Structure formats: structure tokens, C-alpha cells
Amino acid sequence: MAIDIAKLDESIARQNDKMPFSGVVLVREKGKTVFAKGYGFANRAESIPNTINTRFGMASGAKTFTAVAICQLVERELISFDTRLRDCRGISFPEFDPAITVHHLLTHSSGMPDYFDEEVMDDYEALWRDRPMYNIRTPKDFLPMFQNQKMKFAPGARWSYNNAGFVVLGLIVEQLTGENFPMYIEANILTPCDMKDTGYFAMDRLPERTAYGYIEDETGNGWKTNFYAVPIIGGGDGGAYTTASDMVKFWEALLNNRLLSKAMTERLLTPHLVTSAKGGETFYGYGVWIVKKQDAIYAYYAPGQDPGVEFLSTVYPGKEIQTTTMGNTINATWPIYDCVAAAVSAA
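Residues numbered from 1 in each chain as written. Predicted model: local features only at pLDDT ≥ 70, side-chain atom pairs only at ≥ 80, totals over all residues. Heavy atoms only, no water.

Draft legend 1. Examining helix α5 (residues 181–190) more closely. The set of residues buried in α5 consists of Phe-181, Tyr-184, Ile-185, Ile-189 and Leu-190. Within α5, the buried residues cover an arc of 155° as seen down the axis, which keeps them to one side. Tucked into the core, α5 has its buried residues touching α2 (63–75), α4 (163–177) and α6 (244–255). The residue sitting at the N-terminus of α5 and contributing the capping side-chain oxygen is Asn-180; that oxygen lies 2.9 Å from the backbone nitrogen of Met-183. (Buried < 20%, exposed > 50% of the residue type's maximum accessible area, 1.4 Å probe, protein only. Helix = DSSP H or I, 4+ residues; strand = E, 2+ residues; numbered from the N terminus. Arc of directions from axis to C-beta. Contact = heavy atoms within 4.5 Å. Polar contact = N/O pair within 3.5 Å; in protein donor to acceptor, adjacent residues only side chain to side chain.)

Draft legend 2. The arrangement of the packing of aromatic side chains in detail. Taken as a whole and judged by the stated rule, the model has 17 aromatic pairs. Their ring planes at 40° and their centres at 5.0 Å tell us that Phe-81 and Tyr-286 sit as a pair that is tilted. Here Tyr-286 lies in the loop between β10 (282–284) and β11 (289–293) and Phe-81 lies in the loop between α2 and α3 (102–106), a separation of 205 residues in the sequence. Of the two residues examined, Phe-81 and Tyr-286, each falls in the buried class. Site record: aromatic cluster; members linked through ring pairs are Trp-159, Tyr-161, Tyr-284, Trp-289 and Tyr-301. When the ring centre of Tyr-214 is taken as origin, the NZ or CZ atom of Arg-44, which lies over that ring, is 5.3 Å away. When the ring centre of Tyr-298 is taken as origin, the NZ or CZ atom of Lys-293, which lies over that ring, is 4.1 Å away. (Phe/Tyr/Trp six-rings, centres within 6.5 Å; stacked < 30°, edge-to-face > 60°. Lys NZ or Arg CZ within 6 Å of the ring centre and 35° of its normal.)

Draft legend 3. Spotlight on the state of the cysteines. If you walk through the whole model with that rule in mind, you get zero disulfides. The thiol of Cys-71 is not disulfide-bonded; the next cysteine sulfur, from Cys-193, is found 14 Å away. Overall, Cys-71 belongs to the buried group, its relative accessible area being 0%. (Disulfide = S-S within 2.5 Å.)

Draft legend 4. α6, seen in detail. The terminal C-alpha atoms of α6, which comprises twelve residues, lie 17 Å apart, in line with the 16 Å expected from a rise of 1.5 Å per residue. Buried within α6 are the following residues: Ala-244, Asp-246, Met-247, Val-248, Phe-250, Trp-251, Ala-253 and Leu-254. Count one or two residues on from α6 and you reach Asn-257, which has phi positive near 60°. (Expected span 1.5 Å × (residues − 1).)

Draft legend 5. View of the environment of His-104. Assignment of secondary structure puts His-104 in helix α3. In this structure His-104 comes out as buried when scored by relative accessible area, which is 14%. Sequence separation between His-104 and Gly-165 is 61 residues, and the spatial gap between their C-alpha atoms is 8.5 Å.

Draft legend 6. The arrangement of the packing of α2 against α5 in detail. Viewed as axis vectors pointing N to C, α2 and α5 meet at an angle of 75°, and their least axial separation amounts to 10 Å. Comparing the axis directions of α2 and α5 gives the class roughly perpendicular. The residues of α5 that touch α2, namely those facing Phe-65, Thr-66, Val-68, Ala-69, Gln-72 and Leu-73, are Phe-181, Tyr-184, Ile-185, Asn-188, Ile-189 and Leu-190. Taken together, the residues that form the contact of α2 with α5 break down as nine nonpolar, three polar and no charged. (Axes fitted to C-alpha atoms, helices over the stretch in contact; angles between N-to-C directions. Parallel < 35°, antiparallel > 145°, perpendicular 65-115°, else oblique. Nonpolar A, V, L, I, M, F, W, Y, C, P; charged D, E, K, R; others polar.)

Draft legend 7. View of the environment of Tyr-316. For Tyr-316, the location among the structural elements is in strand β13 (residues 309–316). The class of Tyr-316 is buried, set by a relative accessible area of 2%. Tyr-316 has contacts with Tyr-298, Ala-299, Ile-321, Thr-323, Tyr-337, Ala-341 and Val-344, leaving out every residue within four places of it along the chain. A polar atom in the side chain of Tyr-316 sits 2.9 Å from the side chain of Tyr-337.

Draft legend 8. The environment of Asp-123, seen in detail. Position of Asp-123 relative to the elements: it lies in the loop between α3 and α4. Separated by 143 residues in the primary sequence, Asp-123 and Glu-266 place their C-alpha atoms 35 Å from one another. In this view, Asp-123 contacts Phe-116 and Arg-129; residues no more than four positions away in its chain are not counted.

Draft legend 9. Broad picture of the pattern of salt bridges. Under the criterion given, the structure shown has 14 salt bridges. Lys-249 serves as the salt-bridge partner of Asp-194, at 3.6 Å between the closest nitrogen and oxygen. Remark: Lys-249 occurs in helix α6 and Asp-194 occurs in the loop between α5 and β6 (214–216); sequence separation between them is 55 residues. Overall, the relative accessible area of 36% leaves Asp-194 in the partly exposed class. In the salt-bridge network here, residues are joined through shared partners; they are Asp-194, Lys-196, Asp-246 and Lys-249. (Salt bridge = Lys/Arg side-chain N within 4 Å of Asp/Glu carboxyl O.)

Draft legend 10. Highlighting the sheet that holds strand β1 (residues 23–29). Spatial ordering of the open sheet is given by β2-β1-β14-β13-β12-β11-β10-β9, a layout of eight strands whose pairing is antiparallel. Looking at which strands have only one partner, the edges of the open sheet turn out to be β2 (32–39) and β9 (273–274). Sheet strands in contact with helix α8 (residues 333–346) are β1, β12 (296–306), β13 and β14 (321–327), and its direction is about 170° off that of β14. (Pairing = 2+ DSSP bridges.)

Draft legend 11. Local environment of the pairing of β12. Across five bridges, β11 lies against β12 in antiparallel orientation. When the sheet's bridge partners are listed, Val-291 is paired in β12 with Ala-299. Here β11 folds back onto β12 in antiparallel fashion, the turn holding two residues, of which Gln-294 has a positive phi close to 55°. Hairpin connection, β12 to β13: the antiparallel pair is bridged by two residues, and Gly-308 has positive phi, about 80°.

As C-alpha cells, this is what we get:
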């Protein structure tokens, strides 16, 4: 075993003492689970602990599912990566550049406006103070928030993280298949992967073993759930729930070409564009972040963060290691992931 599990456990415990973590950590090495542990509570009112079988929100981590869905439709020749947004039937964006393509949407390079622009906005909860979050149930429900706004920049000019672009991709999936987005993902990704604990669950009817997301209340001395801080159900830009074990199944299916052909999987995992993070070492594929070191792929990862949700699932192909760290509070998860990443780096 390359990872020092005892040292990892100690480093997580030290960090947990500094800033209490609520979530789970799973580490696999060479096809075997070597560390799996829950921390804190899935339900604080009932003191129900988080376990390795607890379902957590993925936030934007589920953008990977959307990208896989689009790639499947390309393989079915229902669309191409060069298809222009203006040619997707039934969608009208009067202010958008007609040159926007599906590739631009998948790589956050479309230049279209975002309903939550992370370059200038940092309070996702604030979006729902003046609009009922319980009405945001399908991709089209997001359209009034960005459909008639002007472009930020010309398509392909640069990379800029864009949630609305993935909302539009979810809408394209619905229009091309005639299915609602969650049903398509369940039938064509979750079921083939045997991901029985994963789904786009409505927050007013969460299934068993699902962690509530928690944010600090206005006094700073307690916690409230995130029920009014995020859309009631997820879609193309994220919001699914999953378990650490189900993420193992997803990565194994994806990397072994069970969801897409080998050529299409390679396309999805291609470092298409460099992001502004980490001095040029970090790239974006289709719905997947990619870290390169010494001009070789070091890691693929799917991150996500919403109020009361923190998620990061990573594959290190050269080391044959996979890690998933999920939390149901804010800010405590990333230092825990740093402990995990340090252990992987040392392996």
C-alpha cells in the first residue's frame, strides 16, 4: 500500500479538531478501499451520524453527468460538438452570439451570460431571496434569469466558469430525447453504473440516508438547513445526490468506456482549455477538471459547492488512486481534502 493510512487518519483528526468536519472521506488504491470514514451529522436535530453510505449533495460535481449525456447524444448522431446553439430547436436567446457551439458550452468558453456569475457573485443563497426556489424544477425555469442578457465575450475567446451553459445543455438533452433531464441521466448513466443511491432528489422529499445541508444561521451561533438556499431539485448545472461508493462505480464505468466509446471518453477527458487556476497546471475537459504535472495527466476531478454542500471526487490515473470527500457544511471540507491530497502526493 502506497498511502500511509495511519498518517492520513491522524492528519484528518488534527484538522477536524481545528475546524469540525461534517461529511465522509473515501480513498481507494489499486481497486481496493483503504480508507472510508464518516464525520459529524447528516441530521443535526436527530443526531443522525454521517456514514460511508450517506447520500450527499454534489452541487456542480454533477456537471460531469451532463457532459457524459451530451457525449452520448453525439455518439447517437443527434447532435455534434460543432452544432450551434441557435440551431437547437425551441431555444431563443436574442442577445447571444450565433457562433456559440455545444463545444463552447461544454468547456465554459461560450461567453454567454450566467445566472450566477462566479467572477462577480459569491452569494448563491441571495439568488432565491426574491424568487421562490421551489419553482426552479426544470432547466427552462432558469431561462428568465439569463435568457435576454447580453454576451460577456465572444465565443471561444477565453475560459469563464458558466453555470447557465450547463443549464442549456440540460435543456438540449430534454429536447433531443423527449425525456426530462433527471430521467435521462438515471436511465443512461446511473442505472448502467448500478448507482442505486444516486439521483436528482427534490429537497422536499429526500430519501433515507440523505444528509441535510447546513449553513450557519444569521446569529453565527447555530445552524439552519439549506432548504431555501438552493433550487428544490438539481439539473444540468448540478444538484444531484450521491454516495462515496456510487462515485467509485461512476469513475470505473467512465474510465473503462462503459458509458462512452473509448474515443469519446478520451474526448471528454481531453484538456481542452487552461483555466486561470494554479498557474496553468489546471485544465477543463468536458464537465471534468484536469490537473497536469510535467506535461502528463496527474488527476481528473469533479468539484462542487453550494450553500451547505461541498463535494470533490478525484481520480489519479498514474497512481491508481481514487478519492471522494463530501461535506454537508461550508468551509470545513476543503482542508480535509488537502489532507487527502497530501497523502496521495506522498504515495
